[in-house]
Amino acid sequence: MERALRRHRLIEADLHEAARGAGHGSLEPVHTILLLREGGLGVITHDSIGDASSVRPFTEQGRG
């Protein structure tokens, strides 16, 4: 995670800020935080991830 944060010039505090902005007091309910095209951060919770088909191409990138 730290390497991905550095690559996108983010810090862990940015993730916490995104979670708070989405109405969450911690990262516990958060499944994924995505860097959006316009530069913002999108927060997807465990309750709303579904089959993860909209994030799978990004979370599996670089693995293997």
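Up top is the structure.
Description of the structure in this document.

### Quick notes on the nonpolar core
Logical step 1: Residues L34, I44, I49, A52 and V55 constitute the largest nonpolar core, which totals five residues.
Logical step 2: The contact partners of L34, leaving out residues within four places of it in the chain, are G40, L41, G42, I44, V55 and F58.

### Comments concerning the environment of D14
Logical step 1: Position of D14 relative to the elements: it lies in helix α2 (residues 12–21).
Logical step 2: Judged by its relative accessible area of 23%, D14 falls in the partly exposed class.
Logical step 3: For the pair D14 and L41, spaced 27 residues apart in sequence, the C-alpha separation works out to 8.5 Å.
Logical step 4: Polar side-chain contacts of D14 include one of 2.8 Å to the backbone nitrogen of I11.

### Describing the side chain of T45
Logical step 1: Checked against the element boundaries, T45 lands in strand β2 (residues 41–45).
Logical step 2: On the accessibility criterion, T45 (13% relative accessible area) is buried.
Logical step 3: Only 3.0 Å separates the side chain of T45 from the side chain of S48, close enough to count as a polar contact.
Logical step 4: Residue contacts for T45: discarding those within four places in its chain leaves H24, P29, V30 and H31.

### Observations concerning α2
The α-helix advances 3.6 residues per turn, and as a result positions three or four apart in sequence lie on the same side.
Logical step 1: Of all the positions in α2, only L15, A18 and A19 are classed as buried. The buried residues of α2 occupy an angular sector of 100° when the element is viewed end-on, so they sit on one face. When the buried face of α2 is taken as reference, the exposed residues oriented beyond 90 degrees from it are R20 and G21.
Logical step 2: Packing partners of the buried residues in α2 comprise α1 (2–7), β1 (30–35) and β2.
Logical step 3: Just downstream of α2 lies G23, where phi reads positive at about 90°.

Cut-off values and rules
Residues numbered from 1 in each chain as written. Predicted model: local features only at pLDDT ≥ 70, side-chain atom pairs only at ≥ 80, totals over all residues. Heavy atoms only, no water. Core = buried A, V, L, I, M, F, W, Y, C linked by side-chain atoms within 4.5 Å. Buried < 20%, exposed > 50% of the residue type's maximum accessible area, 1.4 Å probe, protein only. Contact = heavy atoms within 4.5 Å. Helix = DSSP H or I, 4+ residues; strand = E, 2+ residues; numbered from the N terminus. Polar contact = N/O pair within 3.5 Å; in protein donor to acceptor, adjacent residues only side chain to side chain. Arc of directions from axis to C-beta.

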